[in-house]
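# Fold and contact review
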Amino acid sequence: MAFQKEYLDLFLVPSGLIIMFGYHLYLLYKYFYVPHTTVMGFENNDKRAWVEKIMLADKKNIDTALTVLGSSLNGATFLASVSLSLSFLIGAWMANNSVFSSELIYGDTRLETMSIKFISLLLCFLLAFACFVQSSRCFIHANYLISTPDTDIPISYVELAVIRGGDFWSLGLRALYFATPLLLWFFGPIPMFVTSIGMVFLLHYLDKNTKQLHCYRSSAKGKQPYKRLEETTSS
């Protein structure tokens, strides 16, 4: 049986996706069990210290915290809008895919394969949109908690909202990272496979952390208007 260029899609595309999924499973394992070796775990440590400092500070610092959360909220909203706009663009491409059906594309350009490409890319952008929307929801919830006056809201509640918002933000970015090789799949399986390998090396460099976690110490004095959850339950 003679080799056909359509066979490249059957081998290179699943291989590229397996490499991407395998790396993210490895990253997920490190995030849960050795979080200090990942950038996300390093950032979560800083976020916990930031939340604790803000919750034990005066009204002026709380206003600053709302400004910081507002910036994160604006960023998540912007990326959600971009993801949704790209989803509409993919829908327009699906209506006219003659650009990616050229004979210059070395790979499978059949109508069925093109539909799989469009649907896969569309799912990535829709997943990114959903994650950024959830990130916005968490940051809005953190705004409510921080700005609630004269209350004993546990610090753990605010930490959970801020960190969960960051986790959804990271998931949205991961969906966009997956969309990059799938986008290059329109130009053939070889660019998609090469991009997948290059993306894994780049993400490994960006995701690893070699710095030790800093042990923050609070300098707040006097009465603490907010308490940690464990302090609230113990009392």
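Residues numbered from 1 in each chain as written. Predicted model: local features only at pLDDT ≥ 70, side-chain atom pairs only at ≥ 80, totals over all residues. Heavy atoms only, no water.

### Things to note about the layout of surface pockets
Taken as a whole, the largest pocket holds about 520 Å³ of empty space. As for the largest pocket, its lining consists of 19 residues, and the residues nearest its centre are His24, Leu28, Ser170, Leu171 and Arg174. Where the lining of the largest pocket is concerned, the elements lending two or more residues are α1 (6-33), α4 (111-147) and α5 (155-184). The element that contributes the greatest number of residues to the lining of the largest pocket is α1, accounting for seven residues. Partitioning the lining of the largest pocket into residue classes produces 14 nonpolar, three polar and two charged. For the second largest pocket, the calculated volume is near 270 Å³. Along the walls of the second largest pocket sit 16 residues, with Met40, Glu43, Ser170, Leu173 and Arg174 positioned nearest its centre. Looking at side-chain class alone, the lining of the second largest pocket contains eight nonpolar, three polar and five charged residues. (1 Å grid on protein atoms, 1.4 Å probe; cavity = no way out; pocket = protein on both sides within 12 Å on 5 of 7 lines; lining within 4 Å. Points joined across faces, edges and corners; volume = space filled by probe spheres on them. Helix = DSSP H or I, 4+ residues; strand = E, 2+ residues; numbered from the N terminus. Nonpolar A, V, L, I, M, F, W, Y, C, P; charged D, E, K, R; others polar.)

### Thoughts on the UniProt feature "transmembrane region" (unreviewed entry) in the chain
Under the UniProt annotation, "transmembrane region" (unreviewed entry) lies at residues 7-29, 76-95, 116-135 and 182-203. Counted over residues 7-29, helix gives 100% and strand 0%. Its end C-alpha atoms are 33 Å apart. The distance from the first to the last C-alpha atom of residues 182-203 is 16 Å, and the span holds 82% helix and 0% strand. (UniProt positions renumbered as here; feature names shortened; annotations may be inferred.)

### Some points on the environment of Phe11
Within the secondary structure layout, Phe11 lies in helix α1. Between the C-alpha atoms of Phe11 and Phe193, which are 182 residues apart in sequence, the distance is 9.6 Å.

### Points about the environment of Ser85
In this structure, Ser85 sits in helix α3 (residues 59-95). Along the sequence, Ser85 and Leu126 sit 41 residues apart, while their C-alpha atoms lie 9.9 Å from each other.

### A few points about the pattern of salt bridges
Counting across every chain of the model gives one salt bridge. Between Arg174 and Asp207 there is a salt bridge, with the nearest N and O atoms lying 2.7 Å from each other. Taken as a pair, Arg174 in helix α5 and Asp207 in helix α6 (residues 189-207) lie far apart in primary sequence, 33 residues in all. (Salt bridge = Lys/Arg side-chain N within 4 Å of Asp/Glu carboxyl O.)

### Observations regarding the packing of helix α2 (residues 39-55) against α5
Where α2 meets α5, the axes come as close as 9 Å, and the angle between the chain directions of the two elements is 145°. Two packed elements cross with a definite hand, and for α2 against α5 that hand is right-handed. Contacts between α2 and α5 involve Met40, Asn44, Lys47, Arg48, Trp50, Val51, Glu52 and Met55 on the former and, on the latter, Ile155, Val158, Glu159, Val162, Ile163, Gly166, Asp167 and Ser170. In terms of residue class, the contact of α2 with α5 is made up of eight nonpolar, three polar and five charged. (Axes fitted to C-alpha atoms, helices over the stretch in contact; angles between N-to-C directions. Left-handed = near helix turned anticlockwise from the far one by under 90°. Contact = heavy atoms within 4.5 Å.)

### Let's talk about the packing of aromatic side chains
Any two aromatic rings considered together are summarised by their centre-to-centre distance and by the angle between their planes. Counted under the stated rule, the structure contains five aromatic pairs. On the basis of an interplanar angle of 45° and a centroid distance of 5.0 Å, the ring pair of Phe21 and Phe178 is categorised as tilted. Taken together, the residues Phe21 in helix α1 and Phe178 in helix α5 connect sequence positions 157 residues apart. Arranged with centres 4.9 Å apart and planes meeting at 55°, the rings of Phe118 and Phe186 form a pair that is tilted. Of this pair, Phe118 sits in helix α4 while Phe186 is found in the loop between α5 and α6, placing the two residues 68 residues apart along the sequence. Phe186 sits in the buried class, given a relative accessible area of 0%. (Phe/Tyr/Trp six-rings, centres within 6.5 Å; stacked < 30°, edge-to-face > 60°. Buried < 20%, exposed > 50% of the residue type's maximum accessible area, 1.4 Å probe, protein only.)

### Focus: α2
Here α2 is 17 residues long and its end C-alpha atoms lie 24 Å apart, about the 24 Å a rise of 1.5 Å per residue gives. Taken together, the buried positions of α2 are occupied by Met40, Gly41, Asn44, Asn45, Ala49, Val51, Ile54 and Met55. (Expected span 1.5 Å × (residues − 1).)

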